[in-house]
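# Topology and contacts: notes
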Amino acid sequence: MVKRVRSDLGPFSLQKNNYVCVKFAASFLLVGLAVRLLLWDSFSLTSVVETPPPLAEEKAESPVFSSPLQASDSVDPPENNMSQTSWDEKKCDLFVGAWVPDLSGPVYTNESCHVIEHHQNCMKNGRPDSGYLYWRWSPQDCELPKFNPNKFLDLMRNKTMAFIGDSISRNHVQSLLCILSQVEPAVEVYHDKEYRSKIWKFPSHNFTLSVIWTPFLIKAAIFEDMNGVTSSEVQLYLDNLDNKWTNQYKNFDYVIIGGGKWFLKTAIYHENNTVTGCHYCPGKNLTELGFDYAYRKALQLVFNFFTNTSHNATVLFRTTTPDHFENGEWFSGGYCNRTVPFKEGQIDMIDVDSIMRGIEIEEFEKATSQGSEQGVNLKLLDTTLLSLLRPDGHPGPYRQFQPFAKDKNAKVQNDCLHWCLPGPIDSWNDIVMDMLVNA
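Here the structure is a predicted model, which is why all the values come from computation and not from measurement.

## A word on the overall build of the protein
A tally of regular secondary structure across the protein gives 9 helices and 13 strands. When burial is assessed residue by residue, the protein has 46% of its 439 residues classed as buried. The long-range fraction of contacts in the protein, counting pairs at least 24 apart against all pairs at least 6 apart in sequence, stands at 76%. Summed over all atoms, the accessible surface of the protein reaches about 23,100 Å², with 52% contributed by carbon and sulfur.

Structure follows, in structure tokens:
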């Protein structure tokens, strides 16, 4: 919506005996005011453009996205002019807003960043369109500054940060690494056997960044290979956290944690060393408790850990990430071929995502109510709704290299859950930085 600008200036009252020079000055001021109002209206209209900005002619066969930034451009965006006072007065909700066109595009490319996972390297894999790169998240009631890598690394000097969760957490940390690489490339110092958990160092800033793969956040026995092929049901222990991350928690100054999607898988539930039920286990003669039962139990354990531990890190809890499969799921021919964002009201969350986010908000509010009395620094990174509006930002069939090179009608598996890099997930880091800087 365009805000109308109303002038508070009344008409100038001039006496008949005014000097000619005074009349001329008044006329000049009026002309200047009219020009100012015209320019203001013109500026305001730019915020309601509905289509991506016109792009230069693209070469579909090129595997490298060419950034519009010139070599002499600074990697640091201009400082936001909005004062801290105005932020406090507005109580800005960073998660209510819209995706708006952004001519500047991403600050990195698939050529300048070397940590992009193959399945998210959409440009290299042959995705022919690039319009999805030219949008940024804009909160409704305030400005969200672009990520400032120099400022972030200065803030993180002598600190440690961990991303804890599933493959979306890995997707997220790779976005952060790509942005930071414009200032200082990270040095990988550790990876597990499957390259799912990793640690990087930024030597110049003595900053340590980790990602810990724990898709349920609680103890689980998983029988699934890297391609998602399952040999047996997940065994999920609803009264035990995964010590893969809890044993390391005391080492972290900042934590970004989240999950959710893995709870939709077939699983057998254990409590007090007893099988108590399951989710989607036909033929097992077990009580169907549902994924929501297990997810609530898991989050209660996670939040109780944060509110009762003696180590007081800053924790950002990330809400569930919606997918955009249409006409099927990842295993049944579902696809995502949209090329522009949705507007608010054009799409509704599917039931499972609504249930998950409802549980997340309820349990988070309980935890913050309890934790506020104990000085726990727990914040909500509510990326669900803003991510719902970006069906265009997924790899789709381009999770594979040149999937249609041999057959343009080939049937290939689509990825409509993870995000292309660069892509919409980069805006998550704009929000993360603002939450930490303004904390």
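## Examining the pattern of salt bridges
If you walk through the whole model with that rule in mind, you get 18 salt bridges. A salt bridge links Arg170 to Glu117, with the nearest nitrogen and oxygen atoms 3.1 Å apart. Highlighted residues: Arg170 in helix α4 (residues 167-180) and Glu117 in the loop between β1 (97-101) and β2 (135-139), separated in sequence by 53 residues. Taking the shortest distance from any N to any O, the salt bridge between Arg196 and Glu194 comes out at 3.0 Å. Among the ionic contacts, a cluster of salt bridges with common partners joins Arg296, Glu362, Glu363 and Lys366.

## A few points about the sheet that holds strand β11 (residues 274-279)
Strand order in the open sheet made by the 4 strands is β7-β8-β10-β11, with mixed pairing throughout. With partners counted over all chains shown, the strands left at the sheet margins are β7 (218-221) and β11, one partner each. Shown here is a sheet whose adjacent strand axes are inclined to one another by a mean of 30 degrees, direction ignored. Inspection of the sheet shows strand β10 (residues 267-271) paired to β11 by 5 bridges, in the antiparallel sense. Opposite Ala267, over in β11, you have His279 as the bridge partner.

## Notes on unusual backbone geometry
A cis geometry characterises the amide bond from Leu421 onward to Pro422, with omega recorded as -5 degrees. The residue Pro422 is located in the loop between α8 (384-388) and α9 (425-437) in this model. One non-glycine residue, Asn273, lies in positive phi territory at about 60 degrees. Counting through the fold element by element, Asn273 comes out in the loop between β10 and β11.

## Some thoughts on the packing of helix α6 (residues 291-308) against helix α7 (residues 351-371)
Direction vectors running N to C along α6 and α7 enclose 25 degrees, while the axes themselves pass 10 Å from each other. Taken together, the axes of α6 and α7 lie roughly parallel to each other. Note that α6 runs across α7; the crossing there is right-handed. On the side of α6, the interface is formed by Phe291, Asp292, Tyr295, Arg296, Leu299, Gln300, Phe303, Asn304, Thr307 and Asn308, while α7 contributes Val352, Ile355, Met356, Ile359, Glu360, Glu362, Glu363, Phe364, Ala367, Gln370 and Gly371.

## Remarks on the sheet that holds strand β12 (residues 314-318)
Taken in spatial order, the 7 strands line up as β4-β5-β6-β3-β9-β12-β13 in an open sheet, and their pairing is mixed. In this open sheet, the two strands that pair with only one neighbour each are β4 (187-191) and β13 (377-381). Strand-to-strand twist in this sheet, taken as the mean axis angle between neighbours without regard to direction, amounts to 15 degrees. Bridge analysis of strand β3 (residues 160-165) against strand β6 (residues 207-213) gives 6 bridges, and the strand direction is parallel. Note that in β6 the partner of Thr160 across the bridge is Thr208. This element, α6, spans β9 (254-258), β12 and β13 of the sheet and lies at about 170 degrees to β12. Sitting on the sheet, α7 is in contact with β12 and β13, with an inclination near 160 degrees to β13.

## Focus: the confidence of the model for the protein
On average, residues of the protein score 84 in pLDDT, and 79% of them reach the 70 mark or higher. In this model residues 1-74 is a low-confidence stretch, pLDDT under 50, and it forms 54 contacts with partners more than four residues away in sequence or in other chains. The model gives residues 78-89 a pLDDT under 50, and that stretch makes 14 contacts with residues more than four places away or in other chains.

## Here we look at the pairing of β6
Most of β6 is tucked away: 7 of the 7 residues are buried. As paired elements, strand β5 (residues 198-202) and β6 share 5 bridges and run antiparallel to each other. Across the sheet, residue Ile199 finds its bridge partner in β6, namely Ser210. Between the antiparallel neighbours β5 and β6 lie 4 residues, among them Asn206 with a positive phi of about 50 degrees.

Cut-offs applied
Residues numbered from 1 in each chain as written. Predicted model: local features only at pLDDT ≥ 70, side-chain atom pairs only at ≥ 80, totals over all residues. Heavy atoms only, no water. Helix = DSSP H or I, 4+ residues; strand = E, 2+ residues; numbered from the N terminus. Buried < 20%, exposed > 50% of the residue type's maximum accessible area, 1.4 Å probe, protein only. Contact = heavy atoms within 4.5 Å. Areas by Shrake-Rupley, 256 points an atom, 1.4 Å probe, with all protein chains shown as cover. Salt bridge = Lys/Arg side-chain N within 4 Å of Asp/Glu carboxyl O. Pairing = 2+ DSSP bridges. Axes fitted to C-alpha atoms, helices over the stretch in contact; angles between N-to-C directions. Parallel < 35°, antiparallel > 145°, perpendicular 65-115°, else oblique. Left-handed = near helix turned anticlockwise from the far one by under 90°. pLDDT = per-residue confidence, 0-100.

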